[in-house]
Amino acid sequence: MSEHRTRPLRQDLQSKIQKAHDEGRCFTTLDKNEARRLRRATRSGKLISPAPRVYALSSCWEGLKAGDRHLYVVRALAKLHPDWTFCSVSAALVHALSVSNKLLGSVHVATTRHAHSPSSEGITRHVMGHDDFVEVNGVRVTSISQTTFDVLRIASFRSGLALADSALRVAGISREQLLSTFEQIDPHTRGRQRALEIVALADPRAESGGESIARAVMLELGAMPPMLQVLVGDRVDHSADYRADFGWHLADDTWVLGELDGREKYENQAMTNGRDAVQVLADERLRESRVSASGAKIMRFSFAEAVKPARMEHLLKAFGVPLGYPIPEVALAG
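Quick caveat, the model's predicted, so the values are computed rather than measured. (Residues numbered from 1 in each chain as written. Predicted model: local features only at pLDDT ≥ 70, side-chain atom pairs only at ≥ 80, totals over all residues. Heavy atoms only, no water.)

Colleague: Is there a simple way to explain the packing of helix H8 (residues 157-171) against helix H10 (residues 192-199) in this structure?
Modeller: Two measures define how a pair of helices packs: the angle their axes make with one another and the distance between the axes. Two numbers describe how H8 lies on H10: the axes approach to 9 Å, and their chain directions differ by 65 degrees. The element H8 and its partner H10 pack so that their crossing is right-handed. From H8, Phe157, Gly160, Leu161 and Ala164 reach across to H10, where they touch Arg194, Ile198 and Val199. The class makeup of the residues in the contact of H8 with H10 is 5 nonpolar, 1 polar and 1 charged. (Axes fitted to C-alpha atoms, helices over the stretch in contact; angles between N-to-C directions. Helix = DSSP H or I, 4+ residues; strand = E, 2+ residues; numbered from the N terminus. Left-handed = near helix turned anticlockwise from the far one by under 90°. Contact = heavy atoms within 4.5 Å. Nonpolar A, V, L, I, M, F, W, Y, C, P; charged D, E, K, R; others polar.)

And the structure:
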């Protein structure tokens, strides 16, 4: 290997790249000398270039989740092209919506018919007829309603329901408000009916994408639609209440409470409230003990079980949750 390929990255440049990472974005530059050094470091493997003129330290990049990688690229491109408007999946991530990894790929950018540029490596451009955009943390994106509509047109039922649930939750709007917005879109727009049908089933009470996807599988199976975030009184400490992810009130007056186990409950700071994983687990055991005192059946399941229809059906039947309810057409379409 030639000498220039093994030359270490200059400390000042490495510090700039690290600073960009700490700010939640990849690094980009207009300086020709820096650009040359960056390309050389990329060839040596010290850096990775996930998009043209966008760089990250390989060691930092490997530790990022797929959604965060996409966001880091979007934020870098926004800095490089402040006039760009990001749309579709890219905008959904900026809005902090629940986006399935299956939808991730190239970065999505809105353009107009008059200023249309072709898609390029890592960039997919979408011709949009109006400037319906907002700025979120310095990144210009399509509005949350437009973004939701665009993604629902292409998402699977499960991914779409997760996104729609999160859109209602993040935007603080009702299902009826979002439906009204979609109904004003040209009826001939491809995917409009699909988007309407998914939003009609959306519920902002779902606290995570995993819960939304689990509910989507239940609907696909024709299960009795669950209630969400069901309050259960503490029979020991009457001043306390607990919430279950899902709940079914059966004909014999029995309650079945569904609990989705997942890493998010132990890692998401918004859900742990500063507790470490051991304390969260201890609190969960205490909580389940108190909830079981109500006489409810507690059905715990993992995300891996939730996305396997046969396994989910077996669980629902085992706990007496009725099946045979109408399956939404959009769920049948997948």
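Colleague: Just checking my understanding: could you explain helix H7 (residues 144-152) for this structure?
Modeller: Each α-helix turn comprises 3.6 residues. Residues three or four places apart therefore point the same way. Counting buried positions along H7 yields 9 of 9 residues, so the element is predominantly enclosed. All buried positions along H7 are accounted for by Ile144, Ser145, Gln146, Thr147, Thr148, Phe149, Asp150, Val151 and Leu152. Here the buried face of H7 lies against helix H6 (88-94), strand S7 (139-142), H8, helix H9 (175-183) and H10. (Buried < 20%, exposed > 50% of the residue type's maximum accessible area, 1.4 Å probe, protein only.)

Colleague: Explanation requested: the pattern of salt bridges in the structure shown.
Modeller: Side chains that carry opposite charge are capable of pairing whenever their charged atoms lie near each other. Following the criterion strictly, the structure yields 14 salt bridges and no others. Residue Lys19 is joined to Glu23 by a salt bridge in which the shortest nitrogen-to-oxygen separation is 2.5 Å. The residue Arg205 makes a salt bridge to Asp203 at a minimum N-O spacing of 2.7 Å. Of the residues examined, Asp203 reaches a relative accessible area of 10% and is grouped as buried. By sharing partners, the salt bridges in this structure join Lys19, Glu23 and Arg25 into a single network. (Salt bridge = Lys/Arg side-chain N within 4 Å of Asp/Glu carboxyl O.)

Colleague: Please explain the packing of aromatic side chains as it appears in this structure.
Modeller: Any two aromatic rings considered together are summarised by their centre-to-centre distance and by the angle between their planes. Taken as a whole and judged by the stated rule, the model has 4 aromatic pairs. One aromatic cluster is present, built from ring pairs that chain together Phe246, Trp248 and Phe301. In this structure, Arg125 packs its charged tip against the face of Trp84, placed 4.8 Å from the ring centre. Lying over the aromatic face of Phe133, Arg140 brings its terminal NZ or CZ to 4.3 Å of the ring centre. (Phe/Tyr/Trp six-rings, centres within 6.5 Å; stacked < 30°, edge-to-face > 60°. Lys NZ or Arg CZ within 6 Å of the ring centre and 35° of its normal.)

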